Amino acid sequence: MAAKNILFIMFDQLRWDYLSCYGAQHIDTPNIDRLAKMGVRFTRAYVQAPLCGPSRMSTYTGRYVHSHGASWNATPLKVGEQTLGDHLRAAGMGCWLVGKTHMAADAEGMARLGLDPDSIIGARVAECGFDVFERDDGMRAVGPDGPLTEPGGHGYDAYLQERGYDTDNPWHDHANAGVDAQGNVLSGWFMKNAGEAANIEEQDSETPYLTRRGIEFIASRDDAPWLCHLSYIKPHWPYIVPDPYHAMYGPQDVPPPNRAQSEFDNAHPVLKAMMRNPVGTAFSRDDVRGAVIPAYMSLIKQCDDQMGVLFDWLEETGRMDDTMIVVTSDHGDFLGDHWMGEKTFFHDAAIKVPLIIYDPTNAADATRGTVCDELVEAIDLAPTFVDVAGGQVADHVLEGRSLLPLLHGRTAWDRDKVICEYDYASTPLADALGLSVREAVMFMVADKHWKLIHCEGGFRPILFDLQNDPDELVDLAEDPDHQEIIARMYDKLHAWTRRIAQRTTRTEAQLVELRKSLRRRGVVLGVYDENDTPLDLTIAYRDRKARVRKPTG
């Protein structure tokens, strides 16, 4: 068997520890577990930002947020950044999207360069390098200043209208809301309604719909190799799910929160501000957790069931034999852990993600069903996919590393750190802390033992001992006995910041070759006498004749 195609599945806001193959006791996910038994399950996979947009842009470009610059949601990925599609098409593999990317096009940059968004090249630039089978970022929110216009979703809107969901916003009124006996919409935006059944037939809800669209894409392909990014919207909020899933779990199934009163009382100023923001305050309440987490678990259960539908179809059609399958998430969800909700900080609940890779090739037989504890990053997926496609990994552009050696058990892994970044300059948190745009940014560097968080704005760092405090409840940064550890972790962070990330138009091999070849193009510097340099380098300047010009005047 050989991996000719790639099915790259990403869930949105799926916590790694809410899968039974990762040890969850409160929920059973047999279909994702089934894939783990066929492939490799990574236990230390980290995203590069604790937020949808920048995390995905790092995954799609294979570059750190520091490099690509799309540091918050709806921040355009600048024209010129190469993406998965650029790298894969150069290797002869198509790159297609079914679902969400959270990518914003650099319309200004495209206009400056005269790129028509309706042209093939323009459309790819506007869609993060993907050819689009169907895009659906899933948000149909409406506020006092008008709707939040998320890209795509038109196909799903049309589908819902055809199925008789005939309000002006069926995404909200049916897929993400309940209804009472009088027909009043019980909005999924209000967490008290999380236990309601979404007012939609289960097969018409977002997750089954995208599964069917993914199957339709794969069934439509000919023999040309493809990557399909099947990118689900759930279990991201609004936390509401249709019958029969809505009744599967209750408050009695909710695991206790991972938090301590001392953690709140002694919190770093930036962390304390996050704990006190509206989302953190809400998820610090037991009634909120008791309403939301059963719905979140139900959404995950629906996702897992749809993986069963998808994997069964792949096996029945023989696609399992030639398709690499990757299952991961763009980040996690605090769900009340550490007195917070949502994501946007660097605890493992938010930035460590599930990563399961099934490789059908015989070379992967030795690692089937195994667990890999090495440090890996989301940016490693892009070079892995190029490697599978048989292309040359552009390591002067792609900052990750191919995972194929780990999948094939061929070599040791020497990565000594992972990096995550968060830019909150456009959020109310920056105002709450009195920070300028340049100060409202933080960085995380972690290895297998320690996690250091650096906050700009003159704040002290944060330090967690991941071996002795895996729950990350005790900040050791002010302990005099740990100052040497802090200095060592800062050395790792500073080494990362000194990398050459923008040298993307010359490969390393080209730069090394230029050390010699430039002299062979006739450039002569620092030579006083022609005999002081090798003859062959100056042959074009020796024994030359020219007509003697007589002075005029």
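Structure: see above.
Values in this document were obtained by computation on a predicted structure and should not be read as measured data. (Residues numbered from 1 in each chain as written. Predicted model: local features only at pLDDT ≥ 70, side-chain atom pairs only at ≥ 80, totals over all residues. Heavy atoms only, no water.)

A.B. asks: Could you give an account of the pairing of strand β1 (residues 5-12), with specific residues and numbers?
C.D. replies: Within β1, 8 of the 8 residues are buried, leaving the element largely enclosed by the surrounding structure. Residues N5, L7, I9 and F11 of β1 are buried on one face, and the alternating residues I6, F8, M10 and D12, pointing to the opposite face, are buried as well. Inspection of the sheet shows β1 paired to strand β13 (residues 323-329) by 7 bridges, in the parallel sense. Bridged to N5 within β13 is T323. Note: β1 against strand β11 (residues 226-235), 6 bridges, orientation parallel. Counted as the bridge partner of I6 is L227 from β11. (Buried < 20%, exposed > 50% of the residue type's maximum accessible area, 1.4 Å probe, protein only. Helix = DSSP H or I, 4+ residues; strand = E, 2+ residues; numbered from the N terminus. Pairing = 2+ DSSP bridges.)

A.B. asks: Would you mind going over the sheet that holds strand β19 (residues 450-455) in detail, with residue names and values included?
C.D. replies: One open sheet holds the 4 strands; their spatial order is β17-β18-β19-β20, and the pairing between them is antiparallel. Of all strands in the sheet, those bounded by a partner on one side alone are β17 (418-423) and β20 (462-465). In this sheet, adjacent strand axes meet at a mean angle of 15° when their direction is disregarded. For strand β18 (residues 441-446) and β19, the ladder comprises 5 bridges, and the chain directions are antiparallel. Considered in β19, the bridge of A446 is made with K451. Strand contacts of helix α18 (residues 483-497): β17, β18, β19 and β20, with the helix running at about 70° to β19, the strand carrying the most contacts. (Axes fitted to C-alpha atoms, helices over the stretch in contact; angles between N-to-C directions. Contact = heavy atoms within 4.5 Å.)

A.B. asks: Give me the sheet that holds strand β5 (residues 131-135): which residues, what numbers.
C.D. replies: Sheet architecture is open: 8 strands sit in the order β5-β4-β11-β1-β13-β14-β2-β15, paired in mixed fashion. In this open sheet, the two strands that pair with only one neighbour each are β5 and β15 (370-372). Across this sheet, the average inter-strand angle for adjacent strands is 15°, counted without regard to direction. Two strands pair when backbone bridges link them, and strand β2 (residues 40-42) and β15 are joined in this way by 3 bridges, in the parallel orientation. Considered in β15, the bridge of V40 is made with T370. In the packing of helix α15 (residues 381-388) onto the sheet, contacts are made with β1, β11, β13 and β14 (355-358), and the angle to β13 comes to roughly 175°.

A.B. asks: An account of unusual backbone geometry is needed here, citing residue identities and associated values.
C.D. replies: Where the residue is not glycine, phi is negative for most of them; where a peptide bond is considered, it is trans in most cases. That bond from K234 to P235 is cis: its omega, 10°, falls within 30 degrees of zero. Residue P244 is reached from D243 by a cis peptide bond, and omega for that bond is 10°. Its place among the elements puts P244 in the loop between β12 (241-242) and α10 (261-265). Backbone geometry places W339, a non-glycine residue, at a positive phi of 65°. Considering the arrangement of structural elements, one finds W339 in the loop between β13 and α14 (348-351). Residue classification places W339 among the buried residues on the basis of a relative accessible area of 13%.

A.B. asks: Lay out the pairing of β20 with the relevant residues and their values.
C.D. replies: Of the two faces of β20, both are covered, the one formed by I462 and F464 as well as the one formed by L463 and D465. With 4 bridges joining them, β19 and β20 adopt antiparallel strand pairing. By the bridge assignment, I453 is partnered in β20 with I462. In this antiparallel pair of consecutive strands, β19 and β20, the connection spans 6 residues, and G457 shows a positive phi of 100°.

A.B. asks: Explain the pattern of salt bridges to me, and be specific about the residues and the numbers.
C.D. replies: Scanning the model with the defined rule gives 35 salt bridges in all. The partner of R56 in a salt bridge is D330, with the nearest N and O atoms 3.1 Å apart. Here R56 is found in helix α2 (residues 52-61), whereas its partner D330 is found in the loop between β13 and α14, with 274 residues between them in sequence. Given the relative accessible area of 0%, R56 is considered buried. Classification of D330 as buried rests on a relative accessible area of 0%. Taken together, the shared-partner salt bridges in this structure form one network comprising D12, R56, K100 and D330. (Salt bridge = Lys/Arg side-chain N within 4 Å of Asp/Glu carboxyl O.)

A.B. asks: Go over α18, please, and point to the residues and values.
C.D. replies: Taking 1.5 Å per residue as the helical rise, α18 with its 15 residues ought to reach 21 Å, and the 21 Å between its terminal C-alpha atoms agrees with that figure. Within α18 the residues assigned to the buried category are I485, I486, M489, Y490, K492, L493 and W496. Axial view of α18: buried residues confined to an arc of 155°, hence all on one face. Exposed residues on α18 whose side chains face more than 90 degrees from its buried face are E484 and D491. Where α18 is buried, its residues contact α3 (65-68), β17, β18, β19 and β20. (Expected span 1.5 Å × (residues − 1). Arc of directions from axis to C-beta.)

A.B. asks: Explain the environment of R520 to me, and be specific about the residues and the numbers.
C.D. replies: When you line up the elements, R520 lands in the loop between α19 (508-517) and α20 (535-538). Its relative accessible area of 51% is what places R520 among the exposed residues. Separated by 17 residues in sequence, R520 and L537 place their C-alpha atoms 5.8 Å apart. Beyond its immediate stretch of four places on either side in the chain, R520 contacts D536 and L537. Among the polar contacts listed, one links the side chain of R520 to the side chain of D536, at a separation of 3.0 Å. (Polar contact = N/O pair within 3.5 Å; in protein donor to acceptor, adjacent residues only side chain to side chain.)

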